[in-house]
Amino acid sequence: MNTVLVILALATLGTAAVAMSLRNLLHSVLLLTATWAGVAAFYLWAGAEFVAFAQLLVYVGAISMAVLFAVLLTRHSRDDVAAPPAARSRGVYAAAAGAAVAGVLLAAVSLAPLATAPARAPAVSVRQLGGELMGAHAASLLAVAVLLTVALVGAVVLAAGGPPEKPGDTP
Amino acid sequence: MSPLQLCLAFSSLLFAVGLTGALARSNSILVLLGLELMLTAGSVNFIAFWRFGPPASPATGVVFAIFAIAVAAAETAVGLALVIAVYRHQRNIRLPEANRLKG
Amino acid sequence: MPPSLETLWLVPALPLLAASLGALTPRGGRRFSAGVAIAAMAGALLLSCLALRAALLDPSAHLVHNFRWFDLGNGAVELGWLLDPLSALMCVMVSLVGLLIFIFSLGYMCEDENFTRFFCFMSLFAAAMLGVVIANSLLLLFISWELVGLASYLLIGFWFHKPAAAAAAKKAFITTRIGDLGLLLGLVWLYDSTGSLLLYDGGNGVLEAGVLGNLGTMALAGGLAVPTAISLLIFCGAAGKSGQFPLHVWLPDAMEGPTPVSALIHAATMVAAGVFLIARVFPLISYDQALAADPLHALTVVAAIGAVTALLGAAIATAQSDLKRVLAFSTISQLGYMMLALGVGSWVAAIFHLLTHAFFKALLFLAAGSVIHAAHHEQDIRRLGGLGRTMRTTYATFAVGMMALSGVPFLFSGFWSKEAVLHAASEWAVSQLPLYAGLVGVVLTAFYMTRLLCEVFWGPARSPEAAHARENTGVITVPLVILAIGSVGLGFLGTPAWPWLESALTGRPVAPRSLLEGGGLMALSIVLVAAGLGAGWALYGRKVRVSADAKDPFSAAAPRLFGFLGARMRLDELYAATLGRLNTLGAALADFMDRWVWGGAVGFLALLGEFTGSVNSEVDESGLNAGFNSASERIRGAGRAYSGAQSGDAQGYLRTVAVAFVVLALLVLLGGGR
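Residues numbered from 1 in each chain as written. Chains lettered and ligands numbered in written order. Predicted model: local features only at pLDDT ≥ 70, side-chain atom pairs only at ≥ 80, totals over all residues. Heavy atoms only, no water.

*Asks:* Can you break down the overall build of chain B residue by residue, with the values?
*Replies:* Check the secondary structure of chain B and you find 3 helices and 0 strands. Counting the 103 residues in chain B, one finds 65% classified as buried. Summing over all exposed atoms, chain B offers an accessible surface of approximately 3300 Å²; the carbon and sulfur share of this is 71%. (Helix = DSSP H or I, 4+ residues; strand = E, 2+ residues; numbered from the N terminus. Buried < 20%, exposed > 50% of the residue type's maximum accessible area, 1.4 Å probe, protein only. Areas by Shrake-Rupley, 256 points an atom, 1.4 Å probe, with all protein chains shown as cover.)

*Asks:* How would you sum up the overall build of chain C? Please name residues and give values.
*Replies:* From N to C terminus, chain C includes 29 helices and 2 strands. Counting over 674 residues, chain C shows a buried share of 52%. In chain C, once contacts between residues fewer than 6 apart in sequence are set aside, the share between residues at least 24 apart is 78%. Put simply, chain C shows about 27900 Å² of open surface, and 68% of that area lies on carbon and sulfur atoms. (Contact = heavy atoms within 4.5 Å.)

*Asks:* Could you give an account of the pattern of salt bridges, with specific residues and numbers?
*Replies:* Oppositely charged side chains can form a pair if their charged atoms are brought close together. All names here are of chain C. The tally for this structure, following the rule as stated, stands at 5 salt bridges over all chains. With its nearest N and O atoms 3.0 Å apart, the salt bridge here joins D84 to R280. Taken together, the residues span a long stretch of sequence, with D84 in the loop between strand 2 (75-83) and helix 4 (85-108) and R280 in helix 12 (residues 270-280) at a distance of 196 residues. Overall, D84 belongs to the buried group, its relative accessible area being 3%. A relative accessible area of 3% places R280 in the buried class. (Salt bridge = Lys/Arg side-chain N within 4 Å of Asp/Glu carboxyl O.)

*Asks:* Could you give an account of the packing of aromatic side chains, naming the residues involved and the relevant values?
*Replies:* Applying the stated criterion to the full structure yields 13 aromatic pairs over all chains. When the centroid spacing of 4.9 Å and the interplanar angle of 40° are considered together, the rings of W36(A) and Y59(A) count as tilted. Of this pair, W36(A) sits in helix 2 (residues 25-46) while Y59(A) sits in helix 3 (residues 49-73), and the two are 23 residues apart along the sequence. In this structure W36(A) comes out as buried when scored by relative accessible area, which is 1%. Plain terms: the ring middles of F118(C) and F119(C) are 5.9 Å apart, the flat faces sit at 90° to each other, and that makes the pair edge-to-face. Accessibility classification places F118(C) together with F119(C) in one group, the buried group. In textbook terms, an aromatic cluster arises when at least three aromatic residues are bridged by ring pairs, as seen for F102(C), F115(C), F118(C), F119(C), F121(C) and F158(C). (Phe/Tyr/Trp six-rings, centres within 6.5 Å; stacked < 30°, edge-to-face > 60°.)

*Asks:* Kindly report on helix 6 (residues 138-156) of chain C, identifying the contributing residues and their values.
*Replies:* The end-to-end C-alpha separation of helix 6 of chain C is 26 Å, in line with the 27 Å expected for 19 residues at 1.5 Å each. Those residues of helix 6 of chain C lying buried are L138(C), L141(C), F142(C), S144(C), W145(C), V148(C), G149(C), A151(C), S152(C), L155(C) and I156(C). (Expected span 1.5 Å × (residues − 1).)

*Asks:* A description of the side chain of D84(C) should follow, citing residues and the corresponding values.
*Replies:* Looking at D84(C), its side chain comes within polar contact range of the main-chain nitrogen of S87(C), at 3.0 Å. With sequence-adjacent residues up to four places away left out, D84(C) is seen in contact with A55(C), A61(C), H62(C) and R280(C). (Polar contact = N/O pair within 3.5 Å; in protein donor to acceptor, adjacent residues only side chain to side chain.)

*Asks:* Tell me about the interface of chain B and chain A, and please be specific about residues and values.
*Replies:* Residue-level contacts link 69 residues of chain B with 90 residues of chain A. Summed over both partners, the interface of chain B with chain A buries about 7000 Å², with 76% contributed by carbon and sulfur atoms. Here chain B and chain A share 0 salt bridges between them. Those elements that provide at least two residues to the side of chain B that touches chain A are helix 1 (3-24), helix 2 (28-52) and helix 3 (60-90) of chain B. At 21 residues, the largest contribution of residues to the side of chain B that touches chain A is made by helix 3 of chain B. Broken down by class, the residue content of the side of chain B that touches chain A amounts to 49 nonpolar, 13 polar and 7 charged. (Buried area = accessible area lost by both parts, 1.4 Å probe. Nonpolar A, V, L, I, M, F, W, Y, C, P; charged D, E, K, R; others polar.)

*Asks:* How would you explain the interface of chain C and chain B if you had to name every residue and give the values?
*Replies:* Across the contact, 9 residues belong to chain C and 13 residues belong to chain B. Summing both partners gives a buried area of about 780 Å² for chain C against chain B, and 67% of it is carried by carbon and sulfur. Among the residues chain C hides against chain B, the three largest losses belong to G648(C), Q651(C) and L654(C). Together they make up 60% of the total. Run the count over chain C and chain B and you get 0 salt bridges. Seen at the junction of chain C and chain B, the total is 3 residue pairs in polar contact (both at pLDDT 80 or more). The residue makeup of the side of chain C that touches chain B, split by class, is 3 nonpolar, 4 polar and 2 charged.

*Asks:* Requested: an account of the packing of helix 15 (residues 323-343) of chain C against helix 16 (residues 347-374) of chain C, with residues and values cited.
*Replies:* Residue and element names in this part refer to chain C. One can describe the packing of helix 15 onto helix 16 by two numbers: an axis separation of 9 Å at closest approach and a directional angle of 175°. By the angle between their axes, helix 15 is roughly antiparallel relative to helix 16. Side by side, helix 15 and helix 16 meet where L323, K324, L327, A328, S330, T331, Q334, Y337, M338, A341 and L342 of the first sit next to W347, A349, A350, H353, L354, H357, K361, L364, F365, A368, V371 and I372 of the second. Of the residues that constitute the contact of helix 15 with helix 16, the class distribution is 16 nonpolar, 5 polar and 2 charged. (Axes fitted to C-alpha atoms, helices over the stretch in contact; angles between N-to-C directions. Parallel < 35°, antiparallel > 145°, perpendicular 65-115°, else oblique.)

Written as structure tokens, this is what we have:
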């Protein structure tokens, strides 16, 4: 049982790490899609099928598409051409900060007195989940719905607004 | 190591990878994706505690994970819109150059 | 818990929902917003009727539903709603009159371009008032109370492009706010001494015997008991909202709003709120009656203010020439009667008069609105006239309202409720002065209402607008007819022979008395009404005014008195001359002090400083400068270091957060700090 988890985790982390370090943005995005699929597989393994499908639909289906579009729209960025001299030191700092955070978290996880695991996953049917969402968590569900609406409207305003394009300004 | 600790270690490492990416890369889309990885690590934690943690009500962890996914979707939408707005403004999407604290 | 109690919160919630829907409707959605508002009011009326039926099953019970809003230190703030015959009757009255006024507004406001906004505000107003009525917590009551104030501000200033309307809205808002400050102080004090603001809470509410007993044992410096002081503060709020002297000045000016607003404010809701508040907290406000050592009972103040207001409003109303202003001053006077009834201890009579007054005053205002609408917004009674022939329905209904307000015997509701008030006043042990004030007010009321009727509906039309006036459509006249029926029929709920209202409100069966109970007083007041009607007819009816410029007969008889009353006893000027001048004087004094006394002192100090400075500078230049220079250099360096952190580099910020997290986590992990 643990072997499956370890393999899944390694695959997911590996793709994530490679995606974060690749130069080619398109390749990064494609690899990240694999990472998210790996997380979905983890959810499946843990017994949360509904979350796994939501993860697949939202991340692998929708978010990756949106990101791909954004990448294609901003294709002409000079980013890929000239790497500024500060990039190296920033990379070092980032690696140090990431390693420190990872170390602290891992230490906390291994030191914490965590309860022993129950033998079986708690069974949650989709019907039950719907009942919870519409019942006990109805207010949060509404809040999330409002948040999504506002975020989407805001995104449209942000992306559609801005100064008019000048004709000779294309890089 | 117990399965719960393994899961938590997995999510911690995922979080750290996301953080490193968000800190190291200058491309704002990649920074955004790093943030997404951090958020995913959070919902992995929810599921891990739901599955292995001390028993709470049967569906709480799942509900929270679903909310986290919805919030992530909203965040991506706004983030990408910001990226496009920045691109329109300064003709590239390098984050370190987007440091003017006014229009 | 009966179902009507569980759904009672819907009564204010429905109009509130309609208000929010109306706020989201674009200007074009006239039909939608009006429909939603009217449907919400109809729903509220239906629920109120069900609630009334449930409340009458056991009239003595106070059914409550309380819930905790939030915790505050070691106390908790609780809200709740209350179902008893008083709140249910008020709900039915507010929603029924409100519904009729809404329907009337369909016709009256049909030409206004801000039609949707109007219905949004009206719904908000009705919702707030219904909230006041059902509140079981003084805090919830206060919240709704302030919402009523806000909505009235918005509605009085609805035609805000008219400077007079904008000024009137401000005046109403600020004047009532003065009273509300007292109310708020009273509530804070009450919460401080009892730890609760719930009215009924199974023995722990502020209106229940145990808490009141504790309150009564506290004494205040100066001999005043704590319940008396709190009651007087609460009465401040009620006086402001109900237009009691000396805070009545906003009410006539509030006539600048559209006429349905005047009807809603001056008949059913806002002004009734003060009377309702006193009736609601009557156990608290009358508690100090039992304390013999108390030098001043709160109810005595209430009765005195009520009597003064009743007389003053009626006197001023005799000399006004604006159709709506006459009605406004008559409202002030009638509210004085209600306060008088509360003050002499008969809150049932006050509520009875409130209910009947709500109907006939709404009727009078809507009939006035019908006249104004037909006469193209001409509301000067000298320029109207002759409308009795062209607007028959309006004329008939206005006459019903006028007779109800004047107290024409036996058939009309105003007679019975006024008799109840006068009867209560005659039984008051402390003084008979309120009774005399009430009796004089009866003559004046009959007089000015006759004058109003004769001037508006009799004789020739005295302006082209009045000549062209035609009867309005059914949307306007049907509510008038319904209100007229109510104005007649409602009186029979509370006659001495069938005291249904009293037994319903108090929860005790009340034995029927003779219809002619207190026959002497009744006969006297009938004579007085006849005298008032006769005087009015003799002055205004026998020889009707022929042109707009003709002199008023009353003015011809007593020009100085008429002018004094016409200028509203110069109370506004008095306020301007006293309070306003005091303010100006204070400002001038402060200015003088600033300019010459403090200014002189500061100037002297400055000269002194300059002198010492010039001496010091010699010393500084040579000796002290270096130290200050290095200190300021250090501060500048620190500033530069901090501003360096504000780089605008998002990743830099994130990095800082990560490092801070690691440091904190290490502190927790290594220090074992938990």
